[in-house]
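Topology and contacts: notes
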Amino acid sequence: MSGILSDNVGRASGLMKAAGGGKILQVVGSTVKTAQSSLTSTSHADSLVAAASLTPASSSNKVYVHYSGNWGRSGAIEIHLIIARQIDGGGYSTIAGSGKSITLADIHMQMMYLDSPSTAGSVVDYKIYYKVSTGTAYHNYTYSIGAGDGGSQIVIMEVDGT
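Residues numbered from 1 in each chain as written. Predicted model: local features only at pLDDT ≥ 70, side-chain atom pairs only at ≥ 80, totals over all residues. Heavy atoms only, no water.

Attention now goes to the overall build of the protein chain. Tallying secondary structure elements over the protein chain gives zero helices and ten strands in all. Going from N to C terminus, the protein chain has its helices and strands arranged as β-β-β-β-β-β-β-β-β-β. For the protein chain, long-range pairs separated by at least 24 residues make up 83% of all intrachain contacts whose partners lie at least 6 apart in sequence. Element-wise, carbon and sulfur atoms account for 53% of the exposed surface of the protein chain, whose accessible area totals about 8400 Å². (Helix = DSSP H or I, 4+ residues; strand = E, 2+ residues; numbered from the N terminus. Contact = heavy atoms within 4.5 Å. Areas by Shrake-Rupley, 256 points an atom, 1.4 Å probe, with all protein chains shown as cover.)

Now the structure itself:
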C-alpha cells in the first residue's frame with residue numbers, strides 16, 4: 001500500500017485510526033524476599049507477604065494484578081490463594097481466586113487478574129490472601145532456591161480504559 005497516511009475522515013487508505021485505551025499509566029510493585037513463613041489458616045487470611053496500592057486517574061481505567069510466589073507444604077494439602085481489593089480503606093473483598101493441590105514439596109504459584117475498580121482519586125489496595133485445607137503451607141518456600149532466598153512479588157498496573 002502506498003500513499004500519504006493522514007488522519008482524514010474518509011480513510012480512503014483503508015487504515016483505521018489507532019484505538020484509545022490499553023496504555024499503561026502507572027506500575028507499582030512490591031517484592032518480599034524473606035525467610036519462609038509458616039501459614040496454617042483454614043479460612044482466608046492475609047498472607048502478610050504481598051501488597052501494593054495505587055490511585056486510578058479515571059473510573060474507566062482498569063488495574064492488571066500479577067502475583068508470583070514460591071509455596072511449599074507439609075503433608076498432602078490444598079492451598080487456595082485469592083486476590084483481595086479494598087477501596088479507600090473500606091475493607092477487603094475477593095476479586096479473583098485459585099486453588100492448587102500440592103503433591104510436590106514446593107511449587108511456584110502465579111495469579112493474574114484484570115480488575116475494574118470503577119473509582120478515580122481513591123486509593124485502591126491489593127493483597128494476597130491464602131487458606132489451606134489442613135496442615136501447614138510455607139510461603140517464600142526455600143527448598144529449591146536456598147535458605148532465606150525465597151521471594152514473592154505483586155505488580156499492579158493501571159491500564160487506560162478509554
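What follows covers the packing of aromatic side chains. Tallied over the entire structure, the rule returns two aromatic pairs. Here Y92 and Y129 contribute two aromatic rings whose centre-to-centre distance is 5.9 Å and whose plane-to-plane angle is 50 degrees, an arrangement assigned as tilted. A residue pair is termed long-range when its members are at least 10 positions apart, and Y92 in the loop between strand 5 (77-87) and strand 6 (93-102) and Y129 in strand 8 (residues 124-132) qualify at 37 residues. Overall, Y92 belongs to the partly exposed group, its relative accessible area being 28%. (Phe/Tyr/Trp six-rings, centres within 6.5 Å; stacked < 30°, edge-to-face > 60°. Buried < 20%, exposed > 50% of the residue type's maximum accessible area, 1.4 Å probe, protein only.)

Looking now at the environment of G97. For G97, the location among the structural elements is in strand 6. When its relative accessible area of 53% is taken as the criterion, G97 is described as exposed. It is 5.6 Å that separates the C-alpha atoms of G97 and L81, two residues lying 16 residues apart in sequence. In this view, G97 contacts L81, I82 and M111; residues no more than four positions away in its chain are not counted.

Moving on: the pattern of salt bridges. The final tally for this structure, using the stated rule, is one salt bridge. Residue R85 pairs with D115 through a salt bridge whose shortest N-O separation is 2.7 Å. Separated by 30 residues along the polypeptide, R85 in strand 5 and D115 in strand 7 (residues 106-115) bring together distant segments of the chain. For the pair formed by R85 and D115, the shared burial category is buried. (Salt bridge = Lys/Arg side-chain N within 4 Å of Asp/Glu carboxyl O.)

This part covers the side chain of Q86. In this structure, Q86 sits in strand 5. A distance of 3.0 Å separates a polar side-chain atom of Q86 from the backbone nitrogen of G91. Dropping the residues within four chain positions of it, Q86 is found in contact with G91, Y92, V123, V124 and D125. (Polar contact = N/O pair within 3.5 Å; in protein donor to acceptor, adjacent residues only side chain to side chain.)

It is worth spelling out the confidence of the model for the protein chain at this point. In the predicted model, the protein chain carries a mean pLDDT of 79, and the fraction of residues at 70 or more is 76%. By mean pLDDT, strand 2 (residues 37-39) is the weakest element of the protein chain at 76, and strand 10 (residues 152-159) is the strongest at 93. Contacts from residues 1-11, a stretch scored under 50 in pLDDT, to residues over four places away or in other chains number eight contacts. (pLDDT = per-residue confidence, 0-100.)

The subject of this paragraph is unusual backbone geometry. The phi torsion at D88 lies on the positive side, around 50 degrees, for a residue other than glycine. As for its position among the elements, D88 is in the loop between strand 5 and strand 6. Note on D88: relative accessible area 52%, which makes it exposed. You will see that S118, though not glycine, has its phi angle at about 50 degrees, which is positive. Relative to the elements of secondary structure, S118 occurs in the loop between strand 7 and strand 8.

Let us now look at the nonpolar core. Core analysis: the biggest nonpolar cluster contains 25 residues, and W71, I79, L81, I83, Y126, I154 and I156 have the highest contact counts within it. Sorting the residues of this core by element identifies strand 3 (45-54), strand 4 (62-74), strand 5, strand 6, strand 7, strand 8 and strand 10 as the ones contributing at least two each. The dominant element in this core, judged by the number of residues it contributes, is strand 8, at five residues. (Core = buried A, V, L, I, M, F, W, Y, C linked by side-chain atoms within 4.5 Å.)

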